[in-house]
Amino acid sequence: MKIKTFIADAFTDKLFKGNPAAVCILKEAIPEENMIQIAKEFGFSESAFVIQKGPADFSIRYFSPVTEIPLCGHATMASAKVLFSEYPDLDTLTFKTQFGHILELRSNNNQIEMVFPVHETEKSPFPDDIKNAIGIQNIINCEYNKDHNILMVEIESSKQLEELSPDFAILKQIKTTISGVLVTAPSARNGYDFEYRYFWPWSGSNEDPVTGGVQSFLCKYWSVKLDKNILNAFQCSERTGSMQVELKGDQTIIRSNAVIFLAGEMNQPAD
């Protein structure tokens, strides 16, 4: 059986920027081990697997080359771009994740708008071994988000953030239960409020090119800190990417776009 498959660059309007994700449209569920094999074959930070449940309702699951991921922003954005292209009569979609999240997607003025939950953070220590391996000298704050199992670290400047060069060989040897470390700073870039990078060698790739799911807690963090409900975020990774985020009650609104790089068919793995 063939699986309709796409590759799309998310959080950008230019090819070869943003964060690439594979999107596999399934007619029925396939075993988890097959989804991990497919994710490994693609080698992207995440691959998404979607199944249509109703005219505009879909289930979605996310896999890194290592494990299943509870919630992924860029693979959601890539999947929405693909589905809005495949179903041009639709302007809204609903995704239900394996972990119970209900995500609303809207196509609006050549942008895709994602409605994510708002997640909380709590104060946390920042282990010295991880801090040193990432190359951080001083921190402003460190907090933990249990929903993503991520440490969020604020540092002084986006210049320091951009210059970080973690030693991933050392990071991989460190025994930790966290999924990754998100480092963030106020932006000195014109038109942006904050910047961030995400390192997760324990559960995915060394560095995620552009990360959307973390906005479920990062948006609220900066919204409170800067006293603004609508903010512009920039991920200063090698590929770069950007999005507008809005804190709206118990919702995190993420606005950006994606570009489809490839469309084709994949052979389904044998059972």
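So, a few notes on the structure that sits alongside this text.

Scoring rules and cut-offs
Residues take numbers from 1 onward in each chain, read along the sequence in its written order. Local features are withheld for residues below a pLDDT of 70 in this predicted model, meaning they are given only at 70 or higher, and side-chain atom pairs are given and counted only at 80 or more; totals for whole chains, interfaces and linings count all residues. For the side-chain quantities, the full set of heavy atoms in the structure was used; hydrogens and water were omitted. Counting from the N terminus, the helices are DSSP H or I runs at least four residues long and the strands are E runs at least two residues long. The size measure is the radius of gyration over C-alpha atoms, and the globule rule it meets is 2.2 Å times the number of residues to the 0.38 power. Throughout, exposure labels follow a simple rule: accessible area from a 1.4 Å probe, protein chains only, divided by the maximum for the residue type, with under 20% read as buried, over 50% as exposed, and the rest as partly exposed. Here, two residues are considered to be in contact whenever any of their heavy atoms come within 4.5 Å of each other. For every accessible area listed, the method is Shrake-Rupley and the probe measures 1.4 Å; residues are considered covered only by the protein chains on display. Neither His nor the chain termini are counted; the positive set is Lys and Arg, and the negative set is Asp and Glu. In plain terms, the charge of a residue is placed at NZ if it is Lys, CZ if Arg, CG if Asp and CD if Glu. Between 30 and 60 degrees the pair is tilted, below 30 it is stacked and above 60 it is edge-to-face, where a pair is any two Phe, Tyr or Trp rings, Trp via its six-membered ring, whose centres lie within 6.5 Å. Given the number of residues in a helix, its expected span is that number minus one, multiplied by 1.5 Å. Throughout this description, the term salt bridge denotes a Lys or Arg side-chain nitrogen within 4 Å of a carboxyl oxygen of Asp or Glu. The term polar contact refers here to a pair of N or O atoms within 3.5 Å; inside protein, the definition further demands a hydrogen-donor-capable atom paired with an acceptor-capable atom, and it admits residues adjacent in sequence only when both atoms are side-chain atoms. What goes into a patch is any residue over 30% in relative accessible area without a salt bridge, connected to like charges within 9 Å or, for nonpolar side chains (Val, Leu, Ile, Met, Phe, Trp, Tyr), within 5 Å.

Quick look at the overall build of the chain
On a plain count of helices and strands, the chain comes out with six helices and 18 strands. For 271 residues, the compact-globule estimate of 2.2 N^0.38 gives 18 Å, and the chain sits close to it at 18 Å. Its C-alpha atoms give the chain principal-axis dimensions of about 55 × 40 × 30 Å. Evaluated residue by residue, the chain yields a buried proportion of 56% over its 271 residues. Taking contacts inside the chain between residues at least 6 apart in sequence as the whole, the part at least 24 apart equals 63%. Only carbon and sulfur atoms are counted for the fraction: they give 46% of the accessible area of the chain, which is about 12,400 Å². Distance from the positive charge centre (25 side chains) to the negative charge centre (35 side chains) of the chain: 1 Å.

Here's the deal with unusual backbone geometry
The phi dihedral of Asn-109 is positive, around 55°, even though this residue is not glycine. The topology assignment puts Asn-109 in the loop between β7 (102-108) and β8 (111-117).

Digging into the packing of aromatic side chains
Under the criterion given, the structure shown has 11 aromatic pairs. Ring centres of Phe-16 and Phe-261 lie 5.8 Å apart, and the angle between their planes is 65°; on these two criteria the pair is classed as edge-to-face. Here Phe-16 is found in the loop between β1 (2-10) and β2 (19-26), whereas its partner Phe-261 is found in strand β18 (residues 258-267), with 245 residues between them in sequence. Note on Phe-16: relative accessible area 55%, which makes it exposed. For Phe-261, a relative accessible area of 44% gives the class partly exposed. When the centroid spacing of 6.1 Å and the interplanar angle of 55° are considered together, the rings of Phe-168 and Phe-199 count as tilted.

Some points on helix α2 (residues 73-86)
Helix length check: α2, at 14 residues, gives a terminal C-alpha distance of 20 Å against a target of 20 Å (1.5 Å per residue), a fit within 8%. Burial runs high along α2: 11 of the 14 residues are buried. When α2 is considered as a whole, its buried residues turn out to be Gly-73, His-74, Ala-75, Thr-76, Met-77, Ala-78, Ser-79, Ala-80, Val-82, Leu-83 and Phe-84.

Looking at the pattern of salt bridges
Where charged atoms from two side chains of opposite charge approach closely, those side chains can pair. For the structure shown, the criterion picks out 15 salt bridges. Note that Lys-220 and Glu-120 form a salt bridge whose closest N and O atoms lie 2.7 Å from each other. Placement of the pair is Lys-220 in helix α6 (residues 215-226) and Glu-120 in the loop between β8 and β9 (122-123), with a sequence separation of 100 residues. On the basis of relative accessibility, which here comes to 26%, the residue Lys-220 falls in the partly exposed class.

What to know about the environment of Asn-141
Here Asn-141 shows up in strand β10 (residues 141-145). A relative accessible area of 11% means that Asn-141 is categorised as buried. On a C-alpha basis, the gap between Asn-141 and Ile-155 in space is 7.3 Å, while along the polypeptide they are 14 residues apart.

Concerning the side chain of Ser-64
With respect to the helices, strands and loops of the structure, Ser-64 is situated in the loop between β4 (57-63) and β5 (68-69). Judged by its relative accessible area of 0%, Ser-64 is buried. Side-chain polar atoms of Ser-64 contact the backbone oxygen of Ser-203, separated by 3.0 Å. Setting aside anything within four residues of it in sequence, one finds Ser-64 in contact with Ala-39, Ser-45, Glu-46, Ile-69, Trp-200, Ser-203 and Gly-204.

Some remarks on a nonpolar patch on the surface
Nonpolar side chains collect at one region of the surface, where Leu-15, Phe-16, Phe-261 and Leu-262 lie side by side and expose about 390 Å² of accessible area between them. Residue position: Leu-15 is located in the loop between β1 and β2. Looking at Leu-15, the relative accessible area reads 36%, which means it is partly exposed.

Fair warning: the whole summary comes from geometry, so function is off the table for now.
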